[in-house]
Amino acid sequence: MRLLRSTDLALRVLMRLAVADDSNPTTRDVAADMQVPYTHAAKVVAELQHLGLVAARRGRGGGLAITDAGREASVGHVVRTFEGDGDVVDCEGATPCPLSPACRLRGALRRAQEAFYASLDPLTVGDMVTAPTGPLLLGITQAT
């Protein structure tokens, strides 16, 4: 399964903010650290803010901070939220698959997708930034 770019970025932003301590980076800082366009980072940050996982303050002394809910968020939940609940394959699209009535593949792919999410559910964003990841993230952010 391949994640959408926005899902990948959302996870990386949360991880980056989880190790930010009191620095409160801006969206521009995070975009630069993650080497992604500012506009893409801004959309992802806005969605994370809407979900209550990130807090943003404007003006002098402002910036981004991960919330307690963001630090404790299940990685599986974040991935589900950004990826959506759709099937891995679109059997009912513009040209419906003729195998749909008797297909076993769709169910097998759905079970695999659920197993993927289930393996991510117990992991929190906080878990993802323990050593060695957290110190590496700090090194990357301090280098920019």
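The shown structure was predicted, so the numbers you read here are calculated from the model rather than taken from an experiment. For every chain, the first residue of the written sequence is number 1, and numbering continues from 1 onward in sequence order. Only residues with pLDDT of at least 70 are given local features in this predicted model, and only at 80 or more are side-chain atom pairs given and counted; all residues enter the totals for whole chains, interfaces and linings. The basis for the side-chain values is all heavy atoms of the structure; hydrogens and waters are excluded.

Colleague: I'd love a proper account of the overall build of the protein chain, names of residues and values included.
Modeller: In terms of regular secondary structure, the protein chain is built from eight helices and two strands. Per the convention used, a helix needs a DSSP run of H or I reaching at least four residues, while a strand needs a run of E reaching at least two, with both numbered from the N terminus. Counting from the amino terminus, helix and strand elements in the protein chain follow one another as α-α-α-β-β-α-α-α-α-α. Viewed in the frame of its principal axes, the protein chain has a C-alpha envelope of about 60 × 30 × 25 Å. The classification of residues rests on relative accessible area computed with a 1.4 Å probe and restricted to protein chains. Under 20% of the type maximum is buried, over 50% is exposed, and intermediate values are partly exposed. Here the protein chain holds 144 residues, and 33% of them are scored as buried. The contact rule is simple, with two residues in contact once any of their heavy atoms fall within 4.5 Å. In the protein chain, the proportion of contacts linking residues at least 24 apart, taken out of those at least 6 apart, comes to 70%. Across the protein chain, the centroid of the 15 positively charged side chains sits 5 Å from that of the 16 negatively charged ones. For this count, His and the chain ends are skipped, Lys and Arg are scored as positive, and Asp and Glu as negative. Each charge is placed at NZ for Lys, CZ for Arg, CG for Asp and CD for Glu.

Colleague: Go over the pattern of salt bridges with me, naming the residues and quoting the values.
Modeller: A side-chain nitrogen of Lys or Arg and a carboxyl oxygen of Asp or Glu constitute a salt bridge if their distance falls within 4 Å. Going through the model one piece at a time under the given rule, you end up with eight salt bridges. Between Asp121 and Arg80 there is a salt bridge, with the nearest N and O atoms lying 2.6 Å from each other. Of this pair, Asp121 sits in the loop between α6 (105-120) and α7 (125-128) while Arg80 sits in helix α5 (residues 75-83), and the two are 41 residues apart along the sequence. Several salt bridges share partner residues, and in doing so they unite Arg80, Asp87, Glu92, Arg106, Arg110, Glu114 and Asp121 into one network.

Colleague: Please give an account of the pairing of strand β2 (residues 63-66) that cites residues and values.
Modeller: Both strand β1 (residues 54-57) and β2 contribute to a ladder of four bridges, which runs antiparallel. Looking at β2, one finds that Ala56 is bridged to Leu64. At least two bridges found by DSSP between two strands is the condition for calling them paired. The hairpin turn running from β1 into β2, its antiparallel successor, is five residues long, and Gly59 in that turn takes a positive phi close to 85°.

Colleague: Break down helix α3 (residues 38-50) for me, citing the residues and quoting the values.
Modeller: Helix span, expected: 1.5 Å multiplied by one less than the number of residues in the helix. Look at α3: 18 Å from first C-alpha to last across 13 residues, which is about the 18 Å you get at 1.5 Å a residue. Tucked inside the fold, the buried residues of α3 contact α1 (5-18), α2 (27-34), β1, β2 and α5. Count one or two residues on from α3 and you reach Gly52, which has phi positive near 80°.

Colleague: So, α6: which residues are in play, and what are the values?
Modeller: Here α6 contains 16 residues, and its C-alpha end-to-end distance of 23 Å stays within 8% of the 22 Å for a straight helix at 1.5 Å per residue. If you check which residues of α6 are buried, you get Gln113, Tyr117 and Leu120. Mapping the buried residues of α6 onto a view down its axis gives an arc of 60°, with all of them on the same face. Buried residues belonging to α6 abut α5. The directions from the helix axis to the C-beta atoms are what the arc is built from.

Colleague: Describe the nonpolar core, naming the residues involved and giving the relevant values.
Modeller: For our purposes a nonpolar core is just a set of buried Ala, Val, Leu, Ile, Met, Phe, Trp, Tyr and Cys residues, chained together by side-chain atoms within 4.5 Å. Of all hydrophobic cores here, the largest spans 31 residues; its most connected members are Leu9, Val13, Leu14, Leu17, Leu48 and Val78. Looking at this core, the elements with two or more residues in it are α1, α2, α3, β2, α5 and α6. The element best represented in this core is α1, accounting for eight residues. Aside from chain neighbours lying at most four places away, what touches Leu9 is Met34, Val36, His40, Ala41 and Val44.

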